[in-house]
Amino acid sequence: MFGSSLISLEIPRDRVYVTVCINLSFTFIIAQAFLLMLCHFKFGIFIFFSSWVLVMTLFVMFLLPETKNIPIEEMRERVWKKHWFWTRFMVMGDQSCNRQEE
């Protein structure tokens, strides 16, 4: 579970449980739909799943920063607040991190 390794310590456990439950639910749906898709798509199912692999690869390449040798307590300051995309979602008190004080 890659997502659970990135979740901050401030997030309550119940949110992690919901994340895992949703992940398992989608896995179940895909497993149940696979044979039906195989019958209708034939070789197209390979293209369908390979396109999703491409989308996920691009997501990881561009939107997930390197976290090697960074303790989880320092993730927010050293990784997420400095990333070109995720910094706009980080909040410090009442102000966003990318806004400068006047």
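Quick caveat, the model's predicted, so the values are computed rather than measured. (Residues numbered from 1 in each chain as written. Predicted model: local features only at pLDDT ≥ 70, side-chain atom pairs only at ≥ 80, totals over all residues. Heavy atoms only, no water.)

Caption draft 1: A look at the UniProt feature "transmembrane region" (unreviewed entry) in the protein chain. Per the UniProt entry, the sites bearing "transmembrane region" (unreviewed entry) are residues 16-37 and 43-64 in this numbering. Taken end to end, residues 16-37 has its terminal C-alpha atoms 31 Å apart, with 100% of it in helix and 0% in strand. The span residues 43-64 is 91% helix and 0% strand, and its two end C-alpha atoms sit 31 Å from each other. (UniProt positions renumbered as here; feature names shortened; annotations may be inferred. Helix = DSSP H or I, 4+ residues; strand = E, 2+ residues; numbered from the N terminus.)

Caption draft 2: Broad picture of the pattern of salt bridges. Summed over the entire model, instances satisfying the criterion amount to 2 salt bridges. Residue Glu 74 is joined to Arg 78 by a salt bridge in which the shortest nitrogen-to-oxygen separation is 2.6 Å. With a closest N to O distance of 2.9 Å, Glu 77 and Lys 81 form a salt bridge. Assessed through its relative accessible area of 47%, Glu 77 is described here as partly exposed. Take Lys 81: its relative accessible area is 16%, and that puts it in the buried class. (Salt bridge = Lys/Arg side-chain N within 4 Å of Asp/Glu carboxyl O. Buried < 20%, exposed > 50% of the residue type's maximum accessible area, 1.4 Å probe, protein only.)

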